[in-house]
Structure formats: structure tokens, C-alpha cells
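Here is what each chain is made of, one letter per residue.
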Amino acid sequence: MSTTATTTTGAAITEIELAIGGMTCASCANRIERRLNKIDGVTATVNYATEKARVSAPGGVDPAVLVAQVEAAGYTADLPRPPAADLEPGAVGTGTGTGAGAGAGAEPDPTRSLRHRLITSIVLAVPVIAMAMTPSLQFTNWQWYSLALASPVVTWAAWPFHRAAWTNLRHGAATMDTLISIGVSAAFGWSLYALQFGTAGTPGMTHPFELTIARGDGTGNIYLEVAAGVTTFILAGRYFEARAKRQAGAALRALLELGAKDVAVLRDGAEIRIPISQLAVGERFVVRPGERIATDGVVDEGSSAVDASMLTGESVPVEVAPGDTVTGATVNAGGRLIVRATRVGADTQLAQMAKLVEDAQTGKAAAQRLADRISGVFVPVVIALAAATLAFWLGADAGPAAAFTAAVAVLIIACPCALGLATPTALLVGTGRGAQLGILIKGPEVLESTRRVDTIVLDKTGTITTGRMSLVGIHVAAGTAGTAGTAEADETEVLRLAGALENASEHPIAAAIARGAHERVGDLPDVEQFTNLEGLGVQGIVDGHAVLVGRPALLEKWSQPLPPDLAAARTTAETAGRTAVGVAWDGKARAVLVVADVVKPTSAQAVAQLRELGLTPVLLTGDNTAVARTVATETGIDTGPDTLIAEVLPADKVDVVKRLQAQGKVVAMVGDGVNDAPALAQADLGLAMGTGTDVAIEASDLTLVRGDLRAAADAIRLSRRTLATIKGNLFWAFAYNLAALPLAAAGLLNPMIAGASMAFSSVFVVANSLRLRRFAAQVDAPPATTAPIPRHHRDDAASIPTEIAEPAGLPGQLHPSHRKDLRDPHRLP
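For clarity, every value in this text was computed on a predicted model and none was experimentally measured. Position numbers for residues count from 1 along each chain, tracking the sequence in the order it is written. A pLDDT threshold of at least 70 governs which residues receive local features in this predicted model, and a stricter bar of 80 or more applies before side-chain atom pairs are shown or counted, although totals over entire chains, interfaces and linings include all residues. With hydrogens and water set aside, each side-chain value is computed from the structure's full complement of heavy atoms.

Caption draft 1: Inspection of the overall build of the protein at higher detail. The number of helices and strands found in the protein is 27 helices and 27 strands. For the protein, with 829 residues in total, the buried portion stands at 55%. Carbon and sulfur atoms provide 57% of the accessible area of the protein, an area that totals close to 32,200 Å². Only DSSP runs of H or I with at least four residues qualify as helices, and only runs of E with at least two residues qualify as strands; both kinds are numbered from the N terminus onward. Relative accessible area decides the class of each residue, using a 1.4 Å probe on protein chains only: under 20% of the type maximum gives buried, over 50% gives exposed, and in between gives partly exposed. Here the open area of atoms and residues is found with the Shrake-Rupley method and a 1.4 Å probe, where only the protein chains shown may cover a residue.

Now the structure itself:
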């Protein structure tokens, strides 16, 4: 990708994104980053997780120079592809040539080779280790069978480590790959020497299981189990890490999948269906009910309700009419529209949102694995110690065999066998237990953030609330005669008639009323002469009554205005951010129904649990302040300006997270919509509700499958516990090695002690990781059940079932707080 911007001084800034290959650990990303930043005026960020480098430089920069620098560091880099290659038929371009969203799904699986090497290593290494550690299995010439089994493991399976070590050596660097390669090669090489020139190849040779300390020449011992075992363990760790990394680009792919694949464009008076990539600015296209709007534009003809929930996260469809702006990838939920395209390709809001996700992912600092950080010092120290041991014993006239035995012992005991298990075993057990509890952890990189998080930003719609409209209150006019003419109409009669009429409509608000009516009164009567009045509501005949349901303007049009008590109820409901729907029949307004997006019963309990973890909850929503304040009060979130942030656009959510981070806070973000994806990627820790969109899930670090906000607290607790286990494993893995290094340097390390020590350290690491299986979700008192709709002619705080809603509307029944959004092209609802 290549874009150009201009600074305040007028200098042009070119940004180029490169796909980097050959990185094996976080230290590789740091090395490339340092190399690129040495170029005058260049600022580069390299992300190990996404395998991308983002480079910017005043005055432009030649991509070939950047590629040359990366290759000089021992890695590969791909130049940006031409922009035309990005926009394939059926895809919305983001201007990203090498991004995950660009291109087809034919990219190779990077874990396939590792998986094959790992399976082969397991099959061949298990009998080698079993024979070496069990004297009863050491039949005549067993050592030669071990050599035959271990050779493919040490050569072919361990080839990625040897190749990386050679690359690092050519560039004067050392990483964990260097230590693994040297240790495995030393163990295998010395075993070959002992078998060919020592006494280890003698028929009948055995490894007695003796834990003694004695100096020897080592020519009677082989270390094939060490070479094969270390390779297998490290491959297992690399495979699980690579499998997690492979998901890095899925957020962009999922986001781009939201876009329409083709469009019915009007040309020369005819309707022609073409690929979306061929649509031009200014062309008019048709959007039928149920179709996705192809691109950003302005409505020329028709009116409808547009469902933007997949893009904005808001559950209420927005009414549009000629002159109103619409956004690509949103769904036409009502009538037929003719739209004039105003932005296409990389300029659309969907494409810009994809770029926000990518920018946040690329800009996020790559988490440094603790093992990689320690290896920066540990690896050269061990190599130097082995060389010093060899030189010392040669100078002490101990003989070449004893000197080489001691030097090789240093390398073998320092080879990180348990270190290869430290992270993957804890991660596997922790993530496995998390999956049982409805928590998906995407990789070890996310765990460190959970320990430092002190602020958690909560999206409202679909996270704290259900994201689905529900009937939460009924107001019946005083003195209204019932259908028999002898009694006041009660709410059952209101629900029966209004519910029957709304049951014939597909609008989400109508569905909420119909669903609530069906739950209260059972089967609903049939409707005759049903009519959907665009922008007003619905009308029809139910049981011989002429029924109107919709906004007050519809009732006034038929000379059936709301009486004072119902008008006051409507005002109260809308002030609280709820939707008020008028109901009239037989020439008179009878009731007002209140519809809302209800708060989940467990949300208040979840907020309390998050506070117990030392986190400050922040409510973030695109809704109006009145709705947000009510939701915050209901769930126990402070209503101050720092913890209650309302009326924000999707891009503003990213800015809110950045602002909190600039204040020194470590931010976690919980969301479920496409509009939350950039903020989830920008946050130090992103948690997506599993009931939300694929884009939000893929952009997050943790996924809460249960859709219960209490899972967020459990996820942070589990992540912190898993991180503590990993650090404990790493400590003991190094502790065993460091404790045995003096014995190895002194030439006193018996091969069986070395083998037992490595085996015990591995067993300890695994056993420590298995303790995570006992992790349990924190469950307090059972959540309060939702109360039935009260049988009172009111809708106050005591009468609704612990839920607050955001503004909503029937077709045409737009809450006043949203009306300005339809006319402002830069503001989403």
C-alpha cells in the first residue's frame, strides 16, 4: 500500500506498507525496525503478529531501498501491488496491496509445514526418548535404531531452526533459534562421535539410570533423545504460535465481506447488474428490500428504513428519504430505493473503517515474548560459557574428550527443553478451560495486557444491552371504552389489536410489539386491508376495528390525536431515550406502547465484578446522552464526563481509546459491532462479544462466546492467571538450566542427570500448567429475572424490567435525537 499526505510544513509524506517474511520471533521484528529506521527521515513500525512493516518518510521514499534494507537484515519483503490489483470484482477496496483483505483466499497455510514437521517429530522422537530413559527397552544395538529414528528429526524437522540460526549468524545476531540449533546439533554431533569413535556404538551398550556426579570423557554416552526431544517440544510451541498468528488478517477479510458483490445500476434507462468494482461516482443504482446498499450515496428516489446495525452497532433502522445519505454495506429493510453513488472503492466508509482496523493493528506494539527478551542475553552467555569451558579444560590438560564433553554438556543442559513447553502448555490449558467457560484467547501476546489493564470501555448496544428491541411499557388512555362499549380498554385489548397489526409488518419495532403481544395474550387475530404508510406507521382492520399504529403524526392525520395523558407519557418515554408508539382504533387514540433495547440482566453484576478487578468502567455509545446516563445508572457506571461518553461516531471510538491511552491508562475495550472493530484493535486489550459481528470478533484479542458481559471479568481473571503460569514456567525452565550449568562446566554432569533434569523440568512445567484446569467462573447471586410488563397505565423506572433503551422508531417514527443524523453526511446514527 502506498499513500501520500502533506504535513503542516507542506512536505509530502509517503506511507508504504510491506509484507515481511522470514520472521521467527519478536526480536526479528525489532531488528528489521531498527534497520529501516536508520534510513534518513524514515519512520518504520514492524508488527511481528501481522508480518507487516509500515514505513513513512518526508519527501517520499523508494520502495526498492526499503526492500533492500530488509533483505540485508536477512528477511524478505514484498513491494506494494498496483492499486488496480486490489479491487477485484465483489470486493471493496481498501487501497491495501499487501493487506489481509486484499487478494483472493488462495494464500497458503503457513502452519502446514510446521504441522507436518511436528507430527513427524512426535512419531519418531517418542520411541527414541523411551529407549534412552528406560533401561528395560535398551535391546542389543538399540542405540543404532535411535540414530535412525532421530536423524530425520534433527535434520529435516529442525531445519527451520538451523536455517534461522545460519541467517542470524551471517548478520552477527543470535536468537533462541541459535541456541536451539547449536544445542540440537551439539547433542546429535556428539552422539555420532560417540557411536563412531567411542564406546557408545558397542553392541550391548546401555544407559544405566544412575543419578551420580562424576567426570568422564562422554564417549560412552549418546544424547539422541535430547536432540529429538528438544526439536519436538520447540516445534510444538512454534506451531501453536503460528496457528494463532494466522488469524491476524481475518478482521479485514471479514470486514470486506460485508460489502455488496454486485449492483443493479441504471444506464440509459435500463437496469444492468455489474460487479461493484465497475460502479462509478455519480451513477444511480437500485436497492431492493433486503439488499445491501452497494456504496455510499444519496437517495434520489424512494423512502425506506435502512438497517445499519452491522456497520454502526445501533439496533434501530434509520428512516431515509430523497436527499438523505446512505452508507455502503447497510441493508435496505423497507421499500425500493434509487441511490446516486457519491463514494466508491477505497473512499467508502466501509473501506475507511477497514483501514482504521488495519492501522490500529499495525500500530500496536508487538508484544515481546519473555523468552525472546531473556534469550537476547542468555544465548550469547551460554555460547561464551561453552567456549570458555572447552578452552579451560584443554588448558588444564584434561584431554580433548573430557573438554569437549564438558563444553557439549553446557550447550545441552542450557538448551531450552522446558522453555519450549512453558508458553504453549499453559496457553493450551488456559485457552481450553476458557473455551469451556465461553472465553476464547487468541494467543500469548494478549496476556500481558490483561495484567496491566486499569480501564475498561464498554460499548452499549449488544454488549450492555441485548441489542434487540423489546416491549417494556404500556400506557392506556384514561376513560377509554372497551370494545364492548361497557368497560375501559385494558392493555390486553391494546396488545391484541396493535400486536395483530404489527405482526403483519417486518420492521424490528413492529416485531418487538408483536412478540410482546404474543407472549401476553397468545394467538393474535388476522388482519384485513393492511397498509404500510411510509414514514408514518401501519393501518388495517382487526376484528372489525379500524386500527392505527405508528407515530403521533399518523393519528393526527386521521383526526385521532393523543389525549394529554398519553402525550405526557410519550414525552416522558422519549426523554428517557425510549420509543413511543401510538395506538388508535375506531376514531380515538387508545394507548401508547413503549419499546426499548433492554439492558441484559447480568450487566450490573458484570460491572461490579470488573470493579473488583481494579478496573474503571467507561460507557461508550453513539446514542444520546440521556439514554447513556440511564443505562449507566442502571448498571452502576459513574455518570461523570470521564466515564460516560455518548454521541460518538465509529471513528470517534478509536479517538476515545487513544485519548485514554494518552492519559497513561491501559485500556480494555468490549464491543460487538463492526463500528467497534477499530477501537477493539486499538485498545491494549480487545474483548468481543461472541453474539456480535465477525469483524469485531476477529479484531479482538479475546472473544466472549457466551454473550454475557460477566464473561469479560472471567476472561481477564483467566488471562491473568494464565500469564502468571507462563511466567512461573519460564522461571523454572531457566532455573533448572542455570542450576545445572556449573555442574556441566565442571565436567561433573552425568548424562542421565542431564536427561532426568530436563525431563523433570518439562514434567514440572506441564503439571504447573494443568492447574489452570481448576479455574472456575465467578458466579455471584443469580441475575434478576425480567419482570412482566406491569399492569399499570404508566411506564416509570419502577415499571420497566431493569432495562433502558436507545431511541428507536417505527417506519418513519424517528426519534428527534436522530433526525439531524439523516441530513449530516458526516454523522452516523
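What follows picks up the thread again.
Caption draft 2: Fine view of the UniProt feature "transmembrane region" (unreviewed entry) in the protein. UniProt positions are given in the numbering used here, feature names are shortened, and annotations may be inferred rather than shown by experiment. As annotated in UniProt, the feature "transmembrane region" (unreviewed entry) corresponds to residues 118-136, 142-161, 173-195, 222-240, 374-396, 402-429, 729-746 and 752-770 in the numbering used here. Within the segment residues 142-161, helix and strand shares are 95% and 0% respectively, and the terminal C-alpha atoms sit 28 Å apart. Within residues 729-746, the helical portion is 94% and the strand portion 0%, while the C-alpha atoms at the span's ends are 27 Å from each other.

Caption draft 3: Highlighting the confidence of the model for the protein. Overall, the prediction assigns the protein a mean pLDDT of 74, with 72% of residues at 70 or greater. Along the chain, pLDDT gives the predictor's confidence residue by residue, from 0 to 100. Should any heavy atoms of two residues lie within 4.5 Å, those residues are counted as being in contact. Within the model, pLDDT remains below 50 along residues 82-106, and this stretch shows 59 contacts once partners closer than five positions in the same chain are excluded.

Caption draft 4: Broad picture of the sheet that holds strand β20 (residues 545-550). Spatial strand order, β17-β22-β21-β20-β19-β18: 6 strands in an open sheet with antiparallel pairing. A strand with exactly one partner marks an edge of an open sheet, and here the two such strands are β17 (465-476) and β18 (527-533). Each neighbouring strand pair of the sheet contributes to a mean axis angle of 20 degrees, computed without reference to strand direction. When DSSP finds two or more bridges between a pair of strands, those strands are recorded as paired. The sheet contact formed by strand β21 (residues 579-585) and strand β22 (residues 588-599) spans 7 bridges and is antiparallel. Residue pairing for β22: alanine 580 is matched across the bridge by valine 594. Sheet contacts for helix α17 (residues 508-521): β17, β21 and β22; angle to β17, the most-contacted strand, approximately 65 degrees. Every axis in this analysis is a line fitted to C-alpha atoms, fitted for helices over the stretch in contact. Angles between the N-to-C directions lie between 0 and 180 degrees.

Caption draft 5: Structural view of the nonpolar core. The biggest cluster of nonpolar side chains holds 50 residues, and the ones touching the most others in it are Ile222 and Leu224. Among the elements of the structure, α3 (111-133), α4 (142-157), α6 (176-197), α7 (224-245), α11 (370-395), α12 (400-414) and α25 (710-745) are those that each provide at least two residues to this core. Excluding residues that lie within four positions of it along the chain, isoleucine 222 makes contacts with Trp142, Gln143, Ser191, Ala194, Leu195, Ala200, Met205 and His207. We define a nonpolar core as any set of buried Ala, Val, Leu, Ile, Met, Phe, Trp, Tyr and Cys residues linked to one another through side-chain atoms lying within 4.5 Å. Listed in part, the 47 residues of the second largest apolar core include Ile441, Ile456, Leu615 and Leu702.

Caption draft 6: Geometry of the pairing of strand β8 (residues 284-287). The pairing of strand β6 (residues 262-267) with β8 spans 3 bridges and is antiparallel. Counted as the bridge partner of leucine 266 is arginine 284 from β8. Note that β8 and strand β14 (residues 337-343) share 4 bridges and pair antiparallel. Within β14, the position partnered with arginine 284 by the bridge is arginine 340.

Caption draft 7: Inspection of the packing of α3 against α4 at higher detail. Two elements in contact, α3 and α4, have axes whose closest approach is 9 Å; the angle formed by their N-to-C orientations is 155 degrees. It follows that α3 is roughly antiparallel to α4 by the angle criterion. For the pair α3 and α4, the crossing hand works out as left-handed. Two secondary-structure elements touch here, α3 through His116, Arg117, Thr120, Ser121, Leu124, Pro127, Val128, Met131 and Ala132 and α4 through Trp142, Ser146, Leu149, Ala150, Pro152, Val153, Trp156 and Ala157. Gly falls in the polar group here, along with every residue not listed as nonpolar (Ala, Val, Leu, Ile, Met, Phe, Trp, Tyr, Cys, Pro) or charged (Asp, Glu, Lys, Arg). Among the residues making up the contact of α3 with α4, the classes are represented as 12 nonpolar, 4 polar and 1 charged. When describing relative orientation, an angle under 35 degrees is termed roughly parallel and one over 145 degrees roughly antiparallel, while 65 to 115 degrees is termed roughly perpendicular and anything else oblique. Crossing handedness is read from the near helix: turned anticlockwise from the far helix by less than a right angle, it gives a left-handed crossing, and turned clockwise, a right-handed one.

Caption draft 8: Main features of unusual backbone geometry. Even without being a glycine, aspartate 268 presents a positive backbone phi close to 55 degrees. Relative to the helices and strands, aspartate 268 is located in the loop between β6 and β7 (270-275). Backbone geometry places glutamine 529, a non-glycine residue, at a positive phi of 55 degrees.

Caption draft 9: Broad picture of the sheet that holds strand β27 (residues 702-704). In spatial order, the strands read β15-β27-β26-β25-β16-β23-β24; together these 7 strands make up an open sheet with mixed pairing. Here the strands that pair on one side only, and so sit at the sheet edges, are β15 (439-441) and β24 (644-645). The pairing of strand β26 (residues 685-689) with β27 spans 3 bridges and is classified as parallel. Pairing of leucine 687 across the sheet is with leucine 702, part of β27.

Caption draft 10: The arrangement of the environment of arginine 520 in detail. Tracing the chain through its elements places arginine 520 in helix α17. Taking C-alpha positions, arginine 520 is 8.8 Å from arginine 496, a pair spaced 24 residues apart along the chain.

Caption draft 11: Seen up close, the packing of aromatic side chains. Within 6.5 Å between ring centres, the rings of Phe, Tyr and Trp (the latter by its six-membered ring) count as paired, and their orientation is classed by plane angle as stacked under 30 degrees, edge-to-face over 60, tilted in between. Evaluation of the coordinates by the stated rule reveals 4 aromatic pairs. Between the aromatic rings of phenylalanine 139 and tyrosine 145, the centroid separation amounts to 5.4 Å while the plane-to-plane angle is 65 degrees, which identifies the pairing as edge-to-face. Their ring planes at 35 degrees and their centres at 4.9 Å tell us that tryptophan 190 and tyrosine 193 sit as a pair that is tilted. You can see tryptophan 190 and its partner tyrosine 193 sitting in helix α6, 3 residues apart, about one turn around the helix.

Caption draft 12: Expanded view of the pattern of salt bridges. Salt bridges are defined as contacts in which a side-chain nitrogen from Lys or Arg sits within 4 Å of a carboxyl oxygen from Asp or Glu. Under the defined criterion, the tally for this structure stands at 14 salt bridges. Among the ionic pairs, glutamate 271 bridges to arginine 288, the shortest N-O distance being 2.7 Å. Of the two residues, glutamate 271 is situated in strand β7 and arginine 288 in the loop between β8 and β9 (296-301); the sequence distance between them amounts to 17 residues. Overall, the relative accessible area of 37% leaves glutamate 271 in the partly exposed class. Linking glutamate 493 and arginine 496 is a salt bridge whose minimum nitrogen-to-oxygen distance equals 3.7 Å.

Caption draft 13: Just helix α21 (residues 625-635), in detail. Among all positions in α21, only Val627, Ala628, Val631, Ala632 and Thr635 are buried. Each buried residue of α21 sits inside an arc of 130 degrees when the element is viewed along its axis, so together they form one side. Lining the buried residues of α21 we find α15 (460-464), β22, α20 (603-612), β23 (616-620) and β24. Downstream of α21 by a residue or two, glycine 636 has a phi angle that is positive, lying close to 90 degrees. Along the arc lie the directions from the helix axis toward the C-beta atoms.

Caption draft 14: Looking closely at a positive patch on the surface. A grouping of Arg721, Arg771, Arg773 and Arg774 is seen on the molecular surface, where their side chains present a positively charged patch. Structurally, the position occupied by arginine 773 is in the loop between α26 (751-770) and α27 (816-823). Residue arginine 773 is classed as exposed on the basis of its relative accessible area, which comes to 56%. Patch definition: residues with relative accessible area over 30% and no salt bridge; like charges joined within 9 Å; nonpolar side chains (Val, Leu, Ile, Met, Phe, Trp, Tyr) joined within 5 Å. Counting rule applied: Lys, Arg positive; Asp, Glu negative; His and chain ends not counted. A charged residue contributes its charge at one atom only: NZ of Lys, CZ of Arg, CG of Asp or CD of Glu.

Caption draft 15: Inspection of the pairing of β9 at higher detail. Note that β9 and β14 share 5 bridges and pair antiparallel. The partner of valine 299 across the bridge, within β14, is valine 339.

Caption draft 16: Structural detail: the environment of leucine 593. Residue placement: leucine 593 occurs in strand β22. Taking the C-alpha atoms as reference points, leucine 593 and leucine 495, 98 residues apart in sequence, are found 8.9 Å from one another. Residues in contact with leucine 593, not counting those within four places in the same chain, are Leu471, Gly473, Ile474, Val494, Ala498, Ile513, Thr579, Ala580, Val581 and Val583.

Caption draft 17: Structural detail: the environment of isoleucine 276. With respect to the secondary-structure elements, isoleucine 276 resides in the loop between β7 and β8. We classify isoleucine 276 as buried; its relative accessible area is 9%. Considering only alpha carbons, one finds isoleucine 276 and alanine 294, 18 residues apart in sequence, at a separation of 6.9 Å.

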